[in-house]
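Survey of secondary and tertiary structure
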Amino acid sequence: MVKKIGLVMMALLLIVLSACSSSGSSDSSKKKTIVMGTSADYPPFESVDTANGNKIVGFDLDLAKAIAKELGYKLEVKNQDFNGLVAALGSKKVDFVMAGMVDTPDRRKQVDFSKTYYQSFQVILTRKATNIKTMEDLKNKKVGVQLGTTQETLAKKVSKTIPMKIQTWDKLNEMVEAMRAGKLDAIVTVDTVAYGYTSKDKTFQQFKAVVDGKTQYDPISAAFPKNSKLTAKFDKALKKLEENGTKDKLVTKWIKNQ
Ligand code: ARG
């Protein structure tokens with residue numbers, strides 16, 4: 001009798017165990033999902049591939065996918081304007097943000113950041129036909145910046161000494177089209193983004209923005225809600241992808257070869 005009960009218990013245990021393992025990572029439809037917020041107007045970091053069913057593509061996307069895979073999560077992407085991304089983290093609408101976002105002390109008051117995964121510096125993107133070569137040349141010019149970005153902060157700071165007509169836009173790609181149409185003289189953005197536009201479109205030419213006499217690299221990182229448990233896991237996976245060469249491959253694919 002005791003033996004029989006033991007056997008029944010064993011059988012039950014086995015059933016329970018096998019049920020547990022089948023809900024694990026082997027069945028991808030049951031994988032836990034993490035939601036990434038981004039602003040897909042910023043190639044090569046993220047943009048909408050209009051030729052390909054409006055899929056969101058880019059360096060951030062591929063890196064996020066690789067990290068999610070490493071951690072056993074399914075990745076879902078939410079696209080919105082850059083200016084609302086920090087708030088989306090605050091209200092937990094997204095689990096993390098990758099949007100070519102610079103890790104700044106100001107943003108750190110509201111969110112946590114991963115370790116830096118790329119560096120960029122600010123440049124002026126302008127039409128070749130203009131004679132803009134330095135920040136000083138922006139005097140009285142129509143200068144576009146994306147709302148809520150470090151470029152908006154920079155342009156507003158510089159305009160205290162070099163007055164310019166600053167326009168803020170929600171989407172960078174739309175701002176570039178406005179400049180192409182002559183509605184703007186220049187855009188303050190970052191090298192990585194400017195090179196993409198200048199290499200594909202020979203009518204544009206980029207210039208380094210000389211700020212306080214030095215070119216300053218800004219750290220680009222993923223952002224998380226304060227005290228999120230995901231941050232440390234993300235960093236660990238990122239470290240692995242840096243060590244095994246995956247990140248370098250993505251840098252070559254998206255940034256070096258653009
Ligand atoms: N690097 C700038 C910042 O952190 C701009 C980033 C804009 N990103 C985007 N996906 N539109 O403020």
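Here goes a summary of the coordinates provided. Owing to the predicted nature of the structure, the values given are computational and were not obtained by experimental measurement. (Residues numbered from 1 in each chain as written. Predicted model: local features only at pLDDT ≥ 70, side-chain atom pairs only at ≥ 80, totals over all residues. Heavy atoms only, no water.)

Here we look at the pairing of strand β9 (residues 142-146)
Taking burial as the measure, the five residues of β9 include four buried ones, the bulk of the element. Read from β9 through helix α5 (residues 150-158) to strand β10 (residues 165-169), the crossover connection turns out right-handed. In this structure, β9 lies alongside strand β11 (residues 186-190), joined through two bridges in parallel fashion. Paired with Gly-144 across the strands is Ile-187, a residue of β11. (Buried < 20%, exposed > 50% of the residue type's maximum accessible area, 1.4 Å probe, protein only. Helix = DSSP H or I, 4+ residues; strand = E, 2+ residues; numbered from the N terminus. Right-handed = clockwise from strand over helix to strand, strands pointing away. Pairing = 2+ DSSP bridges.)

A few points about the side chain of Thr-198
With respect to the helices and strands, Thr-198 occurs in helix α7 (residues 191-200). Of the residues examined, Thr-198 reaches a relative accessible area of 10% and is grouped as buried. Side-chain polar atoms of Thr-198 contact the backbone oxygen of Tyr-195, separated by 3.1 Å. A polar side-chain atom of Thr-198 sits 3.3 Å from a polar atom in the side chain of Gln-206. Sequence-distant contacts of Thr-198, that is, excluding residues within four places in its chain, are made with Leu-125, Phe-204, Gln-205 and Gln-206. (Polar contact = N/O pair within 3.5 Å; in protein donor to acceptor, adjacent residues only side chain to side chain. Contact = heavy atoms within 4.5 Å.)

Some points on the site of the ligand
The full set close to the ligand counts 14 residues, and Asp-41, Ala-99, Val-102, Arg-107 and Thr-150 are the nearest of them. One nitrogen or oxygen atom from the side chain of Tyr-42 is found 3.5 Å from a nitrogen atom belonging to the ligand. Take Arg-107: an N or O atom from its side chain is 2.7 Å from an oxygen atom of the ligand. For the ligand, whose free accessible area comes to 350 Å², the fraction covered by protein is 100%. Taken together, the elements giving at least two residues each to the shell around the ligand come down to β2 (41-42) and α5. Taken together, the residues of the shell around the ligand sort by class into five nonpolar, six polar and three charged. (Near = heavy atom within 4 Å. Areas by Shrake-Rupley, 256 points an atom, 1.4 Å probe, with all protein chains shown as cover. Nonpolar A, V, L, I, M, F, W, Y, C, P; charged D, E, K, R; others polar.)

A closer look at helix α2 (residues 59-71)
Because each turn of an α-helix spans 3.6 residues, side chains separated by three or four positions in sequence point in the same direction. For α2, spanning 13 residues, the distance from its first C-alpha to its last is 18 Å, which sits close to the expected 18 Å at 1.5 Å a residue. Turning to α2, its buried residues are Phe-59, Asp-60, Leu-61, Asp-62, Leu-63, Ala-64, Ala-66, Ile-67 and Ala-68. Directly after α2, the chain includes Gly-72, whose backbone phi takes a positive value near 75°. (Expected span 1.5 Å × (residues − 1).)

Comments concerning the sheet that holds strand β4 (residues 55-57)
In sheet architecture, strand pairing relies on hydrogen bonds along the backbone and comes in two forms, parallel and antiparallel. Strand order in the open sheet made by the three strands is β2-β3-β4, with antiparallel pairing throughout. Here the strands that pair on one side only, and so sit at the sheet edges, are β2 and β4. In this sheet, β4 lies alongside strand β3 (residues 46-49) in antiparallel orientation, the contact comprising three bridges. Paired with Val-48 across the bridge in β4 is Ile-56.

Some thoughts on the packing of α2 against helix α9 (residues 246-256)
Interhelical geometry of α2 versus α9 gives an angle of 160° and a closest axis separation of 9 Å. The pairing of α2 with α9 is recorded here as roughly antiparallel in orientation. Helix-helix and strand crossings are classified by hand; for α2 and α9 the assignment is right-handed. Here Phe-59, Asp-62, Leu-63 and Ala-66 of α2 come into contact with α9, specifically with Thr-246, Lys-247, Leu-250, Val-251, Lys-253, Trp-254 and Ile-255. For the contact of α2 with α9, a count of residues per class yields seven nonpolar, one polar and three charged. (Axes fitted to C-alpha atoms, helices over the stretch in contact; angles between N-to-C directions. Parallel < 35°, antiparallel > 145°, perpendicular 65-115°, else oblique. Left-handed = near helix turned anticlockwise from the far one by under 90°.)

Remarks on the pairing of β11
Within a regular strand, the side chains alternate between the two sheet faces. Taken across its five residues, β11 has five buried, putting it largely inside the fold. In β11, alternate side chains face the same way, and those of Ala-186, Val-188 and Val-190 on one face and Ile-187 and Thr-189 on the other are all buried. Note: strand β8 (residues 118-127) against β11, five bridges, orientation antiparallel. Paired with Leu-125 across the bridge in β11 is Ile-187.

Re the packing of aromatic side chains
What the rule picks out here adds up to nine aromatic pairs. Taking the centre distance of 5.6 Å and the plane angle of 25° together, the rings of Tyr-42 and Phe-45 count as stacked. You can call Tyr-42 buried: its relative accessible area is 7%. Overall, the relative accessible area of 0% leaves Phe-45 in the buried class. An angle of 65° between the planes, with centres 6.3 Å apart, marks the rings of Phe-45 and Phe-59 as edge-to-face. Highlighted residues: Phe-45 in the loop between β2 and β3 and Phe-59 in helix α2, separated in sequence by 14 residues. Overall, the relative accessible area of 0% leaves Phe-59 in the buried class. In textbook terms, an aromatic cluster arises when at least three aromatic residues are bridged by ring pairs, as seen for Tyr-42, Phe-45, Phe-59, Tyr-117 and Tyr-118. (Phe/Tyr/Trp six-rings, centres within 6.5 Å; stacked < 30°, edge-to-face > 60°.)

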